[in-house]
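Overview (structure and organization)
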Amino acid sequence: MSGAGTPAGPGGTGSTGSDERLAGLVRLARILAETRSVEEVAERAAEEGRFAFGADTVSLGQLEREHGIVRIVVTVGALVPADERFPSDEQYRLADFPLLGLMVDEARPWHMRLDNPESGAGEA
C-alpha cells in the first residue's frame, strides 16, 4: 500500500517520476522569473527541457506557419563545431520533416535520434 498522495506505479511504491517532473516545473518557473530577455527565457527553457528529457542537445524553434518553416532560436547542450547557440538563420521546412509537421498540426512532441537506423528521411 502506498502513502497518501503517492500512488504506487506498476512495480514501484511511489511517484518519483511525477515528483521529479513537478520539481522541474517549479525550477523552471523560478528560473524564468529571474530572466531579463526573450532569448534568455528560450535558452533556459531549452536547458531545462534538455535536463528533463536527458537529451544531449535540444533546439528550440519558432513556428512560422505562413512560411511553412520552423526557425531555430537556440540550441543548447553538446554542440558540434558547425552549431551556433543562437543561430542567425537556421530553419527547417515543415514539408521536409513529416514528423515535425505532425507535431505542429497535432500538438504532439517530436524528437529524433541519430543512432536510430530505421529513421526515414527527415527523421534523423
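Residues numbered from 1 in each chain as written. Predicted model: local features only at pLDDT ≥ 70, side-chain atom pairs only at ≥ 80, totals over all residues. Heavy atoms only, no water.

1. Description of the overall build of the protein
Of the regular secondary structure elements, the protein holds three helices and three strands. Here the protein holds 124 residues, and the buried ones make up 20% of them. Looking at the protein alone, contacts between residues at least 24 apart form 24% of all its contacts between residues at least 6 apart. Total accessible area on the protein stands at roughly 9,000 Å², and carbon and sulfur atoms take up 55% of it. (Helix = DSSP H or I, 4+ residues; strand = E, 2+ residues; numbered from the N terminus. Buried < 20%, exposed > 50% of the residue type's maximum accessible area, 1.4 Å probe, protein only. Contact = heavy atoms within 4.5 Å. Areas by Shrake-Rupley, 256 points an atom, 1.4 Å probe, with all protein chains shown as cover.)

2. A look at the packing of aromatic side chains
Scanning all chains against the criterion turns up one aromatic pair. Here Tyr-92 and Phe-97 contribute two aromatic rings whose centre-to-centre distance is 5.6 Å and whose plane-to-plane angle is 85°, an arrangement assigned as edge-to-face. (Phe/Tyr/Trp six-rings, centres within 6.5 Å; stacked < 30°, edge-to-face > 60°.)

3. Let's talk about the confidence of the model for the protein
Overall, the prediction assigns the protein a mean pLDDT of 76, with 73% of residues at 70 or greater. Across the protein, the element-wise mean pLDDT spans from 76 in helix H3 (residues 98–106) up to 94 in strand E2 (residues 69–77). Overall, residues 1–13 carries pLDDT values under 50, and its contacts beyond four positions in sequence, including any with other chains, amount to eleven contacts. (pLDDT = per-residue confidence, 0-100.)

4. Focus on the sheet that holds E2
Spatially, the three strands line up as an open sheet ordered E1-E2-E3, and their pairing is antiparallel. The sheet terminates laterally at strand E1 (57–64) and strand E3 (91–93), the two strands that pair on one side only. The average undirected angle you get between the axes of adjacent strands in this sheet is 35°. Where E1 and E2 come together, eight bridges link them in antiparallel fashion. Bridge pairing in E2 links Ser-59 to Thr-75. (Pairing = 2+ DSSP bridges. Axes fitted to C-alpha atoms, helices over the stretch in contact; angles between N-to-C directions.)

5. Considerations on the layout of surface pockets
In this model, the second largest pocket occupies a volume close to 260 Å³. In this structure, the second largest pocket is lined by Glu-20, Arg-21, Gly-24, Leu-25, Arg-27, Leu-28, Glu-48, Gly-49, Phe-51, Ala-52 and Phe-53. The set of elements that each furnish at least two residues to the lining of the second largest pocket consists of helix H1 (16–33) and helix H2 (38–53). For the lining of the second largest pocket, the element with the highest residue contribution is H1, accounting for six residues. Tallied by class, the residues present in the lining of the second largest pocket amount to five nonpolar, two polar and four charged. (1 Å grid on protein atoms, 1.4 Å probe; cavity = no way out; pocket = protein on both sides within 12 Å on 5 of 7 lines; lining within 4 Å. Points joined across faces, edges and corners; volume = space filled by probe spheres on them. Nonpolar A, V, L, I, M, F, W, Y, C, P; charged D, E, K, R; others polar.)

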